[in-house]
Amino acid sequence: MAFSSHGALYTGEWEYDVFLCFRGDDTRHCFASHLMAALAASQIQAFNDAMLHKTQSFDELLSVLQRSALSIVIFSEKFADSPWCLNEVATVAQSMANFGHRALPVFYKVGWSDVVADSGSYSTTIVDKLKASSEDNKRWKDALKAIANCAGHTSEETKIESELIKLIVEDVQKQLIDMSPSIKSNNLVGIGPRVLEVQRLLAMEELDDTRIIGLWGMGGLGKTALAKACYDRTVSSKKEIKHHFIRNINESCESQVGVEGIVQDLYSKLLSEKNLSREDLDMKCRRARLSRSKVFIVLDNVETPCQLEQLLLGDVSKHNKLFAMGSRIIVTTRNKKVLQNAMARVYAMKALSYNESIRLFSLHAFRQYYPPDDWMHLSHLAASYCKGNSLALRVLGGTLFGEDIQYWQNFLSGLRRIQKPEIHDILRRSYNKLGVQERRLFLDVACLLNGIARSRLIKYMAVTCSSTYCIVKDLIDKSLLICISCKDGEKIEVHDLLKEMAWNIVNEEQKLRKRTRLVDPEDIHKLLTTHKKLRTTEGISLDLSKAKEMHLEANAFEGMDSLTFLNFWLPINAMSNRSARDNKFLLPYGGLDSLPGGLRWLHWDQYPSKSLPLRFYPQHLVHLIIRDSPIKRLWQGFDQQPLLVNLMVLNLSYCASLLVIPDLSKSSKLEELLLRECKSLVEVPSQVRYLDRLIAIDLGYCVNLKHLPSKFNSKFLKNVWMDHCPNVKHCPDMNSGELMELDLNETPVIEPPEAIYHVKQGGILRLCGKHFANFPAISARLQEFHLCHSAIKDINPYGHHQASSELLPEFGWLELVGNLQCKSLPKNIWNMVSSLLTIRHSPLLENLPEISEPVSGLSYLSIIRCESIKSIPSSINNLVSLSYLGLRNTGIKSLPSSIQELDQLNSIDLSYCKSLEHIPSNIQKLPKLYGLYLRGCRSISSLPELPSNLSILDVGGCKSLQALPSNASKLSWESLRFYNCPELDRTFPDEIVANYPVYATLPRRCKAELQYLGSDIPEWFSSKSANGNDGSSVMVHLPPSNGSSERPMLKGIAFGVVWFSDSFCVWPTMKCDCSIGTITVASWSSCHFSLDGDGTNSSDKVFLWFDQNLSGKSKEREGKGEEEAWYVKYAGLAVSFRFYPRLGYGEDVKQLENFKIKRCGVSLMY
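Residues numbered from 1 in each chain as written. Predicted model: local features only at pLDDT ≥ 70, side-chain atom pairs only at ≥ 80, totals over all residues. Heavy atoms only, no water.

(A) Up close: the confidence of the model for the protein chain. Across the protein chain, pLDDT averages 84, with 87% of residues at or above 70. Below a pLDDT of 50 lies the segment residues 801-805, which in the model reaches five contacts outside its immediate sequence neighbourhood of four places, other chains included. Note that pLDDT drops below 50 for residues 1115-1122; the model gives that stretch 15 contacts with residues more than four away or on any other chain. (pLDDT = per-residue confidence, 0-100. Contact = heavy atoms within 4.5 Å.)

(B) Spotlight on the sheet that holds strand β7 (residues 242-246). Taken together, five strands build an open sheet; the order of strands is β7-β8-β9-β6-β10 and the sheet is parallel. In the strand order of this sheet, the two ends are held by β7 and β10 (345-348), each with one partner. This sheet shows a mean twist of 15° between the axes of neighbouring strands, independent of strand direction. In this structure, strand β8 (residues 295-299) lies alongside strand β9 (residues 328-333), joined through four bridges in parallel fashion. Residue pairing for β9: V298 is matched across the bridge by I330. Lying on the sheet, helix α10 (residues 191-202) is in contact with β6 (211-216), β8, β9 and β10; it crosses β6 at an angle near 150°. (Pairing = 2+ DSSP bridges. Helix = DSSP H or I, 4+ residues; strand = E, 2+ residues; numbered from the N terminus. Axes fitted to C-alpha atoms, helices over the stretch in contact; angles between N-to-C directions.)

(C) Structural detail: the sheet that holds strand β4 (residues 102-107). The strand order across the open sheet formed by five strands is β2-β1-β3-β4-β5, and the pairing between neighbours is parallel. The open sheet has two edge strands, β2 (46-48) and β5 (153-154), and neither has a second partner. Note: strand β3 (residues 68-75) against β4, six bridges, orientation parallel. Paired with F75 across the bridge in β4 is F107.

(D) Molecular detail of helix α27 (residues 521-529). Taken residue by residue, α27 has D523, I524, H525, L527 and L528 as its buried positions. At the N-terminal end of α27, a side-chain oxygen is found 3.0 Å from the backbone nitrogen of E522, two or three residues along, and the residue is D520. Downstream of α27 by one or two residues, H531 has phi in the positive range, about 60°. (Buried < 20%, exposed > 50% of the residue type's maximum accessible area, 1.4 Å probe, protein only. Polar contact = N/O pair within 3.5 Å; in protein donor to acceptor, adjacent residues only side chain to side chain.)

(E) Summary view of the side chain of S1032. On the secondary structure map, S1032 appears in the loop between β38 (1023-1024) and β39 (1033-1037). Each residue touching S1032, except ones within four places of it in the same chain, is listed here: F1137, R1138, F1139, I1157 and C1160.

(F) View of helix α26 (residues 496-506). Most of α26 is tucked away, with 10 of its 11 residues classed as buried. For α26, the complete set of buried residues consists of D496, L497, L498, K499, E500, M501, A502, N504, I505 and V506. Where α26 is buried, its residues touch α19 (376-386), α20 (390-400), α22 (421-432), α23 (436-447) and β13 (517-518).

Set out below in structure tokens:
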């Protein structure tokens, strides 16, 4: 929540839970009264200003606020008409600043910009209608901004008022829980929402059953704290219920207390027994008495089902007979089987979110809710390391409390090498209870196989352990492994802290060469380059992107008799930069002499030889992955090819020199054959036909491939990729009933294969070629269907069948590309698509069918390069869910007025519609319109008033445009492009450029982009390139990092380039790399900028963008927190920023003629 950093303490003795501020004329008899009723129904006491006589002073109002836990401010249309409401808001804001009061804004039929923007309706009312003094003007506007910038709710996002009120009440409940004394005193963060979720499971108001609720998760996630918060909240409100909280049962069971002692204590507490000896206790009688009592019990840290049965003295599945109806038992455990046996309702513990993690860490590291600005990035590193584990956050925060910034930097840089016993001892308890096979599998997954598909793990490990399925399930139940659902099934992961614990367990062996698993790049480099014999090492895994160059001897792997797992891998995104100079392994001329014969997993990306060693016998191989290698054939010099009898995965993708694949005649277990971009491969041998367990075949971009088996016999075949194979004329037959994806894109098969009718419901089908003269009669509902470059003239969705609603195909995404002879679409095409419809480059297509009735599914409609389409149906308003409308390069002259009814529409793209003359004025009524793209619309001369929510406008190349709309200066822009507009009035554009430093860093803005004609970087840039031949790079001297709390907060980085080009390029981006010496420490990318020269325009253009992503990492990498920030690490030094354009597919724009970056600039924005 974006409240003041000092939250008010909820004592439970406040006079009011909520102070409600609203404009009576707008909401008193509707929304506000309904909200008051809902709050009262949830036992939340609310005060509204109707209870305060208007004659009373605002000192009294301030007093009421101080007696209220939090405020709800309902911003409505006429709110700013009332000085009283504005003074209330100012008082709330004052309480926020002075007392840490919390505020929850609700935007009721108004937008955030209406309340906050200087051009918004509130500001206009204050200035023009109320004619406020300068003092009141500033006070009221500052207060409005302070409250509006808090996290809240809007009627625009939640249109149904009852749902909106429900969300507000839930939000208030969560905050009141967070503000309760026990929560605040124990520094519990994010507990409110979790308590509510558990309370829903408890359902204390339901008295007709007895329930066990299980809190399940790994150690350190806060199970005990959550159980205690639920316990305190329940027993404080239900005084009549008998209750007891027993901590750490497992530890007590293993001590002298034992299970019997815990049971005696439990029964004595619940039955209020005092001063009784054990001889006086008749357990049968006591159980009978207790079965008539309603109880609330917390059993903390139960480890086994047996413990739970002993504690409850009987079959836990019959707990309804143990206690009276309405009783509740909370059990916390790391072992899910404890809960399954008890038929419990399970609450899976969630890790803290990033914001919650930062807050909890800060409470322990700084004794305040948020870190000081200059310590934010170091706090981010610590929080990222903990991955939402509350125990680790508390321990790290306490360790770093009071230390200087140098200590922090040094400590965090070595964090993964420093063991914190308070964390690891708790995490290791679960590991210590495992059996030998369980420990072995856990260490293998944590150190070597993290992220592997569950099915693949079970099959791989089953070679040596027949009970792998059971062990994996048990480890998941014991919270040591995590099972994550993904597109292709389930994958197995290990929490980072448990992974680190596993590394520490392996590293307990002091001698490197005796460790069973090696994952540290430094250790692996040392051992492989110093010729140590690793006789006990079972697995090696190395991320090549983090490795140093290694010179290996021919006998580097001799003597590694125990090695079964060898994994030298590259992240898939690193595959795009393939160069021999990047290879991390240098081998002698003759290559390696041998590889260990016991290898079951061999993965070596960029393997540097043309074949595998002669002395390598691969009979045990299960996985063989060699990608991006100069290898020509796997084995050379053998009289008889080795037989890969255990092989399940063969992946030779990106091996451009590969001539033949190995003999697979005996590889009956093979499930994956992946040969993407094997550009020298001519044949897939006929023996592949008989591999009857194949699940996936990838032959994409095998540009010289000509010969394939006539059939694939496997009945399990799920994915077949044969895209971009220009020499393949026939698609093999397939008998599989499991086919989910068949990709023949850009593969010109002569006749439609029968397999296209075998793709299952929810599958993906891509077809291409002039031999498709009729639309396939597909009866399955496909997730995607792409049809490209066909000879189809009229699309008949029924194929050769008669029209029938039962046979009408349905696609999530239907894409029709380059069908040059297509003249018409079926009338019912709107009912064939449930989400996305894309039609590109159909020059003979003249009309889109009318939409006769409302269609609720279609959300994305894109028509591109269909120049014969002059208009779209006036019934477009029947596409009631449409959020994107793209009509690029069409012949339309205007949009129908009915477009105003598309209230879900957030983006309209009319770029390069050269005949477009008019935009309807009612476009202003589109409430969610966020982006309007009119690039290259040469005929349009004016624009109507724009919607208040619009943030992106591209009018580049609108050569007839004379002025932007009058309200353009009042909108909050994220991206604005107005280059090549010779008739455009420059007043507003020049103002935007001059005020860009302020405009770019406004709240809620991630990237603010600006593109216009110009020849220089703006003056306010702190660092600009020197005049000369190469203007694409600039040196920046980073400020020293002194850890001072007075230093302003770094908000982001502004980038600027001046470039020249007369080329046209679709969807380029501007990239910027930050380097020190030859090491790239950070990279940023703009959104798409405009590169659409036509060879006649020689003007320079300026492109500015602002990025709040200070780390210079992608979203996927940003949260990993493995290194300190580049601007902290290299503080006080000079770093280089280099700019260059990239195509949408990640390639350098080298082929563009006359492209040059003339100047560039970088500015750190505080």
